[in-house]
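Each chain is listed here by its residues.
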Amino acid sequence: MVGGGGGVGGGAGYFGVLVSDPWLQNQFTQVELRGLKAHFMSMRREADNGRLSLRDLSSKMSRLKVVGENLSEEERASFIRDSYQNLDEDLDFELFLRVYLKLQAHASSRVGSTAKNSSAFLKAATTTLLHTISESEKASYVAHINNYLGEDKFLKQYLPLGASTNDLFEIAKDGVLLCKLINVAVPGTIDERAINTKRVLNPWERNENHTLCLNSAKAIGCTVVNIGTQDFIEGRRHLVLGLISQIIKIQLLADLNLKKTPQLVELVDDSKDVEELMSLPPEKILLRWMNFQLKKAGYKRTVTNFSTDVKDGEAYAHLLNVLAPEHSNPSTLSVKDPFERAKLILEHADKMGCKRYLTARDIVEGSPNLNLAFVAHIFQHRNGLSTQAKQISFLETLPDDTQISREERAFRFWMNSLGNSTYIDNVFEDLRNGWVLLETLDKVSPGIVNWKIASRPPIKMPFRKVENCNQVVKIGKQLKFSLVNVAGNDIVQGNKKLILAYLWQLMRFNILQLLKNLRFHSHGKEITDADILEWANSRVRSSGGQSHMDSFKDKSLSDGIFFLELLSSVQPRAVNWSLVTKGQTDEEKKMNASYIISIARKLGCSIFLLLEDITEVNQKMILTLTASIMYWFLKQPVEERPSGASDSENGSQSETISNSTMDDTASESSIDENGTR
């Protein structure tokens with residue numbers, strides 16, 4: 001959530017759900033344990049006289065993922081009968097977990113190979129089907145990390161990592177590697193001055209690195225809905241690997257847009273198609289590009305995925321022949337054995353100087369992640385597109401609105417961080433059927449959506465989309481959004497200005513709700529922007545700071561000093577003042593802004609702004625930043641706040657602070673205040 005809700009598990013720190021048997025504890029993430037514990041408690045509440053036995057389980061497990069979806073009640077009952085003698089035995093939580101694991105394994109063996117393919121990239125981090133990891137994927141990511149971070153000043157003492165060892169999961173426990181990998185994917189995301197780097201980190205320093213990593217991963221578009229800092233500390237392989245694969249994917253697909261690679265206009269015929277191309281997710285653009293080149297090579301089929309369509313290697317052979325004919329080998333297409341063909345394809349790629357992290361077996365087995373990475377590498381290395389002036393000039397006629405694209409990015413990443421059912425690649429396109437907006441409204445204000453009249457995608461009938469969007473507008477009015485002359489059809493038409501205005505009000509409502517729920521003394525009174533402004537000024541004043549904020553568009557905020565004083569007032573250890581500049585030149589302002597964003601994320605604020613939002617004083621983003629810091633602070637147990645700090649912010653502030661300030665910010669899972677997952 002904007003205000004840290006999406007990144008911090010409400011001060012629960014390391015004290016999650018504990019199970020006495022460490023092996024059993026290790027089979028689940030904290031998020032899964034919490035969900036299962038809640039499920040177990042509600043089954044027990046519903047049971048006669050609060051007693052649960054093995055016999056009751058089969059009928060009560062229908063709501064559980066995998067076990068409930070893939071096995072009927074009868075199948076669950078007969079499996080439990082075959083596995084346990086005494087069905088009337090009292091069921092405690094640990095026995096429930098063991099039964100659940102057995103049923104999960106049984107369900108997965110029935111489903112067959114789905115567990116293997118469940119690593120579809122952006123969902124990789126959230127699959128909970130049997131926690132297997134793909135060794136070939138691990139080897140590929142290790143090679144990638146060795147290649148891109150091998151020369152890093154701090155990490156080179158630990159690299160290269162071994163592909164067949166568990167080095168990767170051990171080194172991930174400190175959080176430094178993942179923070180640096182995020183910066184390789186999207187340079188400048190994390191201010192390296194904020195990463196705790198020393199040979200041996202204590203538990204809260206590690207935890208700060210993980211919190212910084214998770215909040216930054218969300219801010220570049222990763223889905224981290226059920227990964228918490230505890231999962232890194234315990235080295236949970238499937239979750240660590242899932243996050244790494246998302247970060248690497250973002251890096252590899254970074255050039256697949258018209259800003260970075262204007263030559264992509266060659267793929268379309270007229271300006272209407274360009275608009276459509278700009279709204280496609282990068283993987284789809286990569287497929288478009290691949291098919292465009294294959295057509296030149298006279299290849300008849302269309303490639304629609306990076307798995308079954310490329311397994312036989314024929315598409316690759318044609319693609320490389322057209323991009324690098326000088327290295328082509330006639331036997332690549334004539335050999336009968338796909339495995340032999342795959343080997344020849346990789347030789348061809350090597351001769352082109354194309355870095356590759358997959359094996360012939362990965363091609364033949366159709367590993368979607370690794371094949372996508374392979375094609376992205378080929379594209380980065382040699383895209384075979386021409387740089388004709390006429391096409392580039394044609395791009396200049398497209399409106400370049402950096403403000404719109406910056407806001408679109410912030411809202412998109414915020415919505416993706418809530419864990420909706422669909423990943424959003426472009427808010428103007430992906431919200432037009434109204435469904436994701438309804439899901440988001442339901443997370444921000446549970447129970448507000450009337451699902452009976454909503455239509456779930458795919459939606460064939462246009463009027464159903466309009467109905468969904470009409471409900472979105474109606475709920476907006478209920479929540480007192482300013483929506484003069486806005487109709488559902490405006491969203492269906494993809495009206496950019498109106499969609500951004502709606503999303504801003506939704507994001508702002510969300511953070512104000514979170515604050516209202518926390519400030520118990522507000523007695524149900526709404527929190528206003530003025531309350532947030534007053535809170536920030538009184539915090540800075542009471543801790544001896546010199547700066548002041550007149551409003552959220554106060555131009556003096558551009559030097560960053562006010563926010564550094566504010567962060568220092570809520571957590572005296574947060575700011576290393578020797579790294580702060582005076583904020584007089586543009587360069588100094590940028591350095592301070594970058595430091596502020598990373599420190600706030602390291603504390604546990606889930607924020608989606610860019611450093612330009614601070615240096616140019618973007619009123620909306622300044623409000624969300626201030627509110628996020630306030631939300632984080634109010635969530636700390638009172639005894640752990642800097643002494644003198646009270647909820648009502650009166651009284652002077654002395655500089656003492658209790659020892660365990662940081663432990664409790666452990667973002668043990670990204671469950672926001674509404675309990676959404």
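Residues numbered from 1 in each chain as written. Predicted model: local features only at pLDDT ≥ 70, side-chain atom pairs only at ≥ 80, totals over all residues. Heavy atoms only, no water.

## Points about the side chain of Asn369
Where we set the bar: Here a helix means four or more residues in a row that DSSP labels H or I, a strand means two or more in a row labelled E, and each is numbered from the N terminus. Remark: exposure states derive from per-residue accessible area (1.4 Å probe, protein chains only) relative to the maximum for the residue type, with buried under 20%, exposed over 50%, and partly exposed in between. For this analysis, a polar contact is any N or O atom pair within 3.5 Å, provided that within protein one partner can donate a hydrogen and the other can accept it, and provided that sequence-adjacent residues contribute only side-chain to side-chain pairs.
Tracing the backbone through its elements, the reader meets Asn369 in helix H20 (residues 368-381). The class of Asn369 is buried, set by a relative accessible area of 2%. Side-chain polar atoms of Asn369 contact the side chain of Glu137, separated by 3.2 Å.

## Regarding helix H5 (residues 73-83)
Basically, it comes down to this: Each direction from the helix axis to a C-beta atom contributes to the arc, which is the arc of those directions.
Turning to H5, its buried residues are Arg76, Ala77, Phe79 and Ile80. Here the buried residues of H5 occupy an arc of 165° about the axis, which is enough to place them on one side. Exposed and facing more than 90 degrees away from the buried side of H5 are Glu74 and Asp82.

## So, the side chain of Asn433
For clarity, the cut-off: Contact between two residues is taken to exist if any of their heavy atoms lie within 4.5 Å; hydrogens are not considered.
Among the secondary structure elements, Asn433 is positioned in the loop between helix H23 (427-430) and helix H24 (435-444). In terms of polar contacts, Asn433 uses its side chain to reach the backbone amide nitrogen of Trp435, at 2.9 Å. In contact with Asn433, other than residues within four places in its own chain, are Pro457, Ile459, Lys465, Asn468 and Cys469.

## As for the nonpolar core
The test is simple: Within this scheme, the nonpolar core is defined by two criteria: the residues are buried Ala, Val, Leu, Ile, Met, Phe, Trp, Tyr or Cys, and they are joined through side-chain atoms within 4.5 Å.
Membership of the largest hydrophobic core comes to 171 residues, with the highest contact counts inside it found for Leu243, Trp289, Met290 and Leu441. At 13 residues, helix H27 (residues 496-518) tops the list of elements feeding residues into this core. Ala47, Leu54, Leu57 and Phe79 belong to the second largest nonpolar core, which has 30 residues in total.

## As for the environment of Thr440
Along the chain, Thr440 falls in helix H24. Residue Thr440 is classed as buried on the basis of its relative accessible area of 0%. Each C-alpha atom of the pair Thr440 and Leu418 lies 7.5 Å from the other, and the pair is 22 residues apart in sequence. Non-local contacts of Thr440, meaning those with residues more than four positions away in its chain, are made with Trp414, Met415, Leu418, Asn420 and Leu506.

## Points about the pattern of salt bridges
Note the following rule: Only one rule defines a salt bridge in this text: a Lys or Arg side-chain nitrogen within 4 Å of an Asp or Glu carboxyl oxygen.
Within this structure, the stated rule accounts for 28 salt bridges. The shortest N-O distance in the salt bridge between Arg301 and Asp312 comes to 3.0 Å. Within this pair, whereas Arg301 is found in the loop between helix H15 (282-296) and helix H16 (314-323), its partner Asp312 is found in the loop between H15 and H16, the two being separated by 11 residues in sequence. Put simply, Glu135, Lys138 and Arg237 are held in one network by salt bridges that share partners.

## Here's the deal with the confidence of the model for the chain
Operational definition: As a per-residue measure, pLDDT reflects the predictor's confidence and takes values from 0 up to 100.
In this model, the chain carries a mean pLDDT of 82, and residues with pLDDT of at least 70 account for 84%. Note that residues 1-15 has pLDDT below 50 and, in this model, 67 contacts with residues that lie over four places away or in other chains. Low pLDDT, under 50, characterises residues 111-130; the predicted model gives this stretch 44 contacts beyond four residues in sequence or across chains.

## Looking at the packing of aromatic side chains
Applied cut-off: Between 30 and 60 degrees the pair is tilted, below 30 it is stacked and above 60 it is edge-to-face, where a pair is any two Phe, Tyr or Trp rings, Trp via its six-membered ring, whose centres lie within 6.5 Å.
Per the counting criterion, the structure on display carries 11 aromatic pairs. Considering the side-chain rings of Tyr316 and Phe374, the 5.1 Å spacing of their centres and the 85° angle between planes classify their relative orientation as edge-to-face. Of this pair, Tyr316 sits in helix H16 while Phe374 sits in helix H20, and the two are 58 residues apart along the sequence. We classify Tyr316 as buried; its relative accessible area is 1%. The interplanar angle of 55° and the centroid separation of 5.1 Å between the aromatic rings of Trp435 and Trp451 together place this pair among those described as tilted. With a gap of 16 residues between them, Trp435 in helix H24 and Trp451 in the loop between H24 and helix H25 (462-478) connect regions that are remote in the sequence. Assessed through its relative accessible area of 7%, Trp435 is described here as buried.

## Some words on unusual backbone geometry
Of note, the amide linkage connecting Leu159 to Pro160 takes the cis form, showing an omega dihedral of 0°. The topology assignment puts Pro160 in the loop between helix H8 (135-149) and helix H9 (167-172). Of note, the amide linkage connecting Pro457 to Pro458 takes the cis form, showing an omega dihedral of -5°. By the secondary structure assignment, Pro458 is in the loop between H24 and H25. One non-glycine residue, Asn485, lies in the positive phi region at around 60°. Position of Asn485 among the secondary structure elements: in the loop between H25 and helix H26 (488-492). A residue is classified by how much of its surface remains accessible, and Asn485, at 73% relative accessible area, is exposed.

## Points about empty space enclosed by the protein
Selection criterion: Definitions used for this entry: grid spacing 1 Å over protein atoms alone; cavity, a set of points where a 1.4 Å probe fits but cannot get out; pocket, an open set with protein on both sides within 12 Å along at least 5 of 7 lines; lining residue, one with an atom within 4 Å of a point. Grid points are joined across faces, edges and corners, and a volume is the space filled by probe spheres set on the points. Any residue that is not Ala, Val, Leu, Ile, Met, Phe, Trp, Tyr, Cys, Pro, Asp, Glu, Lys or Arg is counted as polar, Gly included; the first ten are nonpolar and the last four charged.
Applying the stated criterion to the full structure yields six cavities of 30 Å³ or more. Estimated volume of the largest cavity: approximately 70 Å³. Every residue lining the largest cavity is counted, 13 residues in all, and those nearest its centre are Ser140, Tyr141, Ile248, Leu252 and Ala373. Mapped by element, the contributors of at least two residues to the lining of the largest cavity are H8, helix H13 (237-252) and H20. Per element, the largest residue contribution to the lining of the largest cavity is five residues, and it comes from H20. Taken together, the residues of the lining of the largest cavity break down into eight nonpolar, four polar and one charged. Here the second largest cavity defines a volume of roughly 60 Å³.

## Here's the deal with the packing of helix H29 (residues 561-570) against helix H32 (residues 619-635)
For the record, the criterion: Inter-axis angles, ranging from 0 to 180 degrees, are taken between N-to-C directions of lines fitted to C-alpha atoms, where helices are fitted over the stretch in contact. If an angle is under 35 degrees, it is roughly parallel; if it is over 145, roughly antiparallel; if it lies from 65 to 115, roughly perpendicular; otherwise it is oblique.
Running from N to C, H29 and H32 cross one another at 10°; their axes reach a closest spacing of 10 Å. Accordingly, the angle class assigned to the pair H29 and H32 is roughly parallel. Taking contact as the criterion, the partners of Phe563, Leu566, Leu567 and Val570 in H29 are, on H32, Ile622, Leu625, Thr626, Ile629, Trp632 and Phe633. Counted by class, the contact of H29 with H32 contains nine nonpolar, one polar and no charged residues.

## Topic: H20
What counts here: Here a helix's expected span is defined as the number of its residues, less one, multiplied by 1.5 Å.
Its 14 residues place the ends of H20 20 Å apart at the C-alpha level, agreeing with the 20 Å of an ideal helix rising 1.5 Å per residue. Every buried residue of H20 is accounted for by Asn369, Leu370, Asn371, Leu372, Ala373, Phe374, Val375, Ala376, His377, Ile378 and Phe379. The secondary structure elements touched by the buried residues of H20 are H8, H13, H15, H16, helix H18 (338-351) and helix H19 (360-365).

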